[in-house]
Amino acid sequence: MSSETAIHDQVVHQDEHTPETNRIVVIPIDESSSSKYAVSWSIDNFLRPKSDIVVLAHVRPMYVSSGAFGTGYVDMGEYATTIEDQYRDGSHRLLMEYAHMLRKKNIPCKAIAMRGDARDEIVRKSVELKADLVIMGSRGLGTLKRALLGSVSDYCAHHLPMPLIIVKEKDRH
């Protein structure tokens, strides 16, 4: 299950998307340096100012707690709400930071905060938006970490129906 929030002051409305007018480019972001590099690379090498519409997507995890410690029951409602608020606020700050980078280069954007599994949510939202392309950073996980944690970019490469550009930082690989 997912939930999402569009940051409305960052939204650019498009009546009809046609290949001749605008490309819709989804750029999933997180707090990593690889996300920042992917956005910078996209601005410098790929995006067309005033023409492309970028959809910044951040997927935050859902807070899950067992709610029980020892033999007694502990009400985690208020604590969970506080954690969720912190996750949401952090997500919105991150999206606004990246939206500001794009706006400075006259690139229209929309920012969407989602909750859930990053792999599933990126694919779902990209399909829903009928994106022309997805650009994402590569965290450069080693074989063991990728096997244990799973690679979001690898999952997207196998499940997205549109082209995917995976941007790797030169100095990290």
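Calculation notes
Residues numbered from 1 in each chain as written. Predicted model: local features only at pLDDT ≥ 70, side-chain atom pairs only at ≥ 80, totals over all residues. Heavy atoms only, no water. Helix = DSSP H or I, 4+ residues; strand = E, 2+ residues; numbered from the N terminus. Buried < 20%, exposed > 50% of the residue type's maximum accessible area, 1.4 Å probe, protein only. Areas by Shrake-Rupley, 256 points an atom, 1.4 Å probe, with all protein chains shown as cover. Core = buried A, V, L, I, M, F, W, Y, C linked by side-chain atoms within 4.5 Å. Contact = heavy atoms within 4.5 Å. Salt bridge = Lys/Arg side-chain N within 4 Å of Asp/Glu carboxyl O. pLDDT = per-residue confidence, 0-100.

This part covers the overall build of the chain. Counting secondary structure elements, the chain contains 5 helices and 8 strands. Along its sequence from the N terminus, the chain presents helices and strands in the succession β-β-α-β-β-β-α-β-α-β-α-α-β. The burial tally for the chain puts 42% of its 173 residues in the buried class. Carbon together with sulfur atoms contributes 52% to the accessible area of the chain, which is approximately 10100 Å² in total.

The subject of this paragraph is helix H3 (residues 118–128). Of all the positions in H3, only Glu-121, Ile-122, Val-123, Lys-125 and Ser-126 are classed as buried. Immediately downstream of H3, the backbone of Lys-130 shows phi near 55°, a positive value.

Soluble globular proteins tend to pack their nonpolar side chains together in the buried interior. Of all hydrophobic cores here, the largest spans 22 residues; its most connected members are Ile-27, Ile-29, Leu-47, Val-54, Leu-56 and Leu-102. Residue assignment for this core shows that the elements contributing at least two residues are strand S2 (24–28), helix H1 (33–45), strand S3 (53–60), helix H2 (77–104), strand S6 (109–115) and strand S7 (133–137). Take this core: its biggest share by element is 6 residues, from H2. Residue contacts for Val-54: discarding those within four places in its chain leaves Val-25, Ile-27, Leu-47, Leu-102, Ile-107, Pro-108, Cys-109 and Lys-110. Counting 16 residues, the second-largest nonpolar core is a separate cluster that includes Val-59, Ile-122, Met-136 and Cys-156.

Counted by the stated rule, this structure contains 10 salt bridges. With its nearest N and O atoms 3.5 Å apart, the salt bridge here joins Lys-36 to Glu-97. You can see Lys-36 sitting in helix H1 and its partner Glu-97 sitting in helix H2, a full 61 residues away along the chain. On the accessibility criterion, Glu-97 (37% relative accessible area) is partly exposed.

Here the chain averages 81 in pLDDT, and 70% of its residues register 70 or above. Mean pLDDT in the chain bottoms out at helix H4 (residues 143–149), which sits at 50, and peaks at S2, which reaches 98. Low confidence marks residues 8–15, where pLDDT is under 50. Its contacts with residues over four positions away, or in another chain, come to 14 contacts.

Now for the environment of Met-136. Following the sequence through the fold, Met-136 ends up in strand S7. C-alpha separation for the pair Met-136 and Ala-38, spaced 98 residues apart in sequence, amounts to 5.9 Å. Beyond its immediate chain neighbours, meaning those up to four positions away, Met-136 contacts Pro-28, Ala-38, Ile-122, Val-152, Ser-153, Cys-156, Leu-164, Ile-165, Ile-166 and Val-167.

Looking now at the environment of Asp-44. When you line up the elements, Asp-44 lands in helix H1. For Asp-44 and Lys-105, which are 61 residues apart along the polypeptide, the C-alpha to C-alpha distance reads 9.6 Å.

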